[in-house]
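# Examining the three-dimensional arrangement
Chain by chain, the residues:
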Amino acid sequence: MINFHVDRSSSVPAYAQLVRQVREGLRIGTLQPGDQLPTVRSVVTSCTVNPTTVLKAYRELELSGLVEARQGAGTFVSGTLGHADPHAMARLRSSLARWLGQAREAGLEDEDVQALLASVIAENSARRTQGGGDRTQAAPAPGAGFQKKEGAA
């Protein structure tokens, strides 16, 4: 079962954070069709959010066909996202964890890492679009288009 968390310092609304976590779980394979989501009450307690926040998230997921509410039984995953090989995902996750350790050693904070990742994704997407979707083109150099913020170690 997924364990939700809400980042109060984020500019992303709490309901959208819950939706994102379910979508990410579906993409990386930690959630599968048939899995039950936590009850509204348990999410309210664990995340200290309003019940309408959880209901809004679950309703959005239901409207997008990813979950279904079963009267008296709870909310269950009914859809899927992504079609990546689970073994490939595990290898990539391990590599990414090692890379993140190196980024931390280099003094990067969460926002730095997120900015770096976003810039690489954007550059790669632009290259794929310009190249007609050719995935064999070289990936952008790490740190391309990224400037370290002042005061970071």
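See above for the structure.
For the structure on display, the rule yields 1 aromatic pair. Residues Phe4 and Tyr58 carry aromatic rings whose centres are separated by 6.5 Å and whose planes lie at 50 degrees to one another, so their mutual orientation is tilted. On the criterion of sequence distance, the pair formed by Phe4 in the segment before α1 (14–28) and Tyr58 in helix α3 (residues 51–63) is long-range, its members being 54 residues apart. Tyr58 shares its class with Phe4; the two are buried. For Lys56, the ring lying beneath its charged end belongs to Tyr15, and the centroid distance is 4.1 Å.

Below, the discussion takes up the nonpolar core. What tends to happen in soluble globular proteins is that the nonpolar side chains get buried as a cluster. Within the largest apolar cluster, 21 residues are counted, with the highest numbers of intra-cluster contacts made by Phe4, Val22, Leu37, Val43, Tyr58 and Leu61. Going through the elements one at a time, α1, α2 (40–47) and α3 are the ones with two or more residues in this core. Of the residues forming this core, the biggest block, 5 residues, is contributed by α1. Dropping the residues within four chain positions of it, Val22 is found in contact with Ile2, Phe4, Leu31, Leu37 and Leu61.

The next point concerns unusual backbone geometry. Of note in the backbone geometry, Thr48 takes a positive phi value of approximately 45 degrees without being a glycine. Looking at where Thr48 falls in the secondary structure, it is placed in the loop between α2 and α3.

Calculation rules
- Residues numbered from 1 in each chain as written.
- Predicted model: local features only at pLDDT ≥ 70, side-chain atom pairs only at ≥ 80, totals over all residues.
- Heavy atoms only, no water.
- Phe/Tyr/Trp six-rings, centres within 6.5 Å; stacked < 30°, edge-to-face > 60°.
- Helix = DSSP H or I, 4+ residues; strand = E, 2+ residues; numbered from the N terminus.
- Buried < 20%, exposed > 50% of the residue type's maximum accessible area, 1.4 Å probe, protein only.
- Lys NZ or Arg CZ within 6 Å of the ring centre and 35° of its normal.
- Core = buried A, V, L, I, M, F, W, Y, C linked by side-chain atoms within 4.5 Å.
- Contact = heavy atoms within 4.5 Å.

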